Amino acid sequence: MQVRTFVMALGVGLAAGAAAAAVLPKQPRFKKVVTQAADSIETAVEDAKDFMCGN
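This one's a predicted model, so the numbers in the text were calculated from it and none came from an experiment.

A.B. asks: Looking at this structure, how should I read the overall build of the protein?
C.D. replies: Summing up its helical and strand segments, the protein has 2 helices and 0 strands in all. Within the span of the protein, comprising 55 residues, buried residues form 4% of the whole. Only carbon and sulfur atoms are counted for the fraction: they give 66% of the accessible area of the protein, which is about 4600 Å².

Encoded structure:
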């Protein structure tokens, strides 16, 4: 149950970050940082899912 909550929180954070990136000015450096953060979060979620599923 806690893992599901954690994964959902990460998903909500990722969605919020994407929304903020869409609203904020299109600066290359900012876009790069946001993209890297989103990729890191996505990787962490996939790793947690794989760990919990035993893959």
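Having seen the model, we can carry on.
A.B. asks: Where do I start with a negative patch on the surface in this structure?
C.D. replies: A surface patch of negative charge is lined by Asp 39, Glu 42, Glu 46, Asp 47 and Asp 50. Here Asp 39 lies in helix α2 (residues 28-53).

A.B. asks: I keep staring at the environment of Met 8 and nothing clicks. Help me out?
C.D. replies: Tracing the backbone through its elements, the reader meets Met 8 in helix α1 (residues 2-23). Between the C-alpha atoms of Met 8 and Val 45, which are 37 residues apart in sequence, the distance is 9.4 Å.

A.B. asks: Looking at this structure, how should I read the environment of Ala 48?
C.D. replies: Looking at the element boundaries, Ala 48 is found in helix α2. Taking the C-alpha atoms as reference points, Ala 48 and Val 3, separated by 45 residues in sequence, lie 8.2 Å from one another.

A.B. asks: Help me understand a nonpolar patch on the surface, please; the structure alone is not making it clear to me.
C.D. replies: Taken together, Val 3, Phe 51 and Met 52 make up a surface patch of nonpolar side chains, about 330 Å² in accessible area. Among the secondary structure elements, Met 52 is positioned in helix α2.

Conventions and cut-offs
Per chain, the residues get numbers from 1 upward, laid out in the order the sequence is written. The predicted nature of this model means local features are confined to residues of pLDDT at least 70 and side-chain atom pairs, given and counted, to a pLDDT of 80 or more, with totals for whole chains, interfaces and linings taken over all residues. Excluding hydrogens and water, the side-chain values take into account all heavy atoms of the structure. By definition, any uninterrupted DSSP run of H or I lasting at least four residues is a helix, any uninterrupted run of E lasting at least two residues is a strand, and each is numbered from the N terminus. Only protein chains enter the accessibility calculation, which uses a 1.4 Å probe; a residue is then buried when its area is under 20% of its type maximum, exposed when over 50%, and partly exposed in between. Under the convention used here, a 1.4 Å probe and the Shrake-Rupley method define accessible areas, while residue burial counts only the protein chains that appear. Patches here are clusters of residues that have more than 30% relative accessible area and form no salt bridge, with a 9 Å joining cutoff for like charges and a 5 Å cutoff for nonpolar side chains (Val, Leu, Ile, Met, Phe, Trp, Tyr). The working definition used for a salt bridge is a side-chain nitrogen of Lys or Arg within 4 Å of a carboxyl oxygen of Asp or Glu. Under the counting rule used here, the positive set is Lys and Arg, the negative set is Asp and Glu, and His together with the chain ends is not counted. Every charge is mapped to an atom, namely NZ of Lys, CZ of Arg, CG of Asp or CD of Glu.

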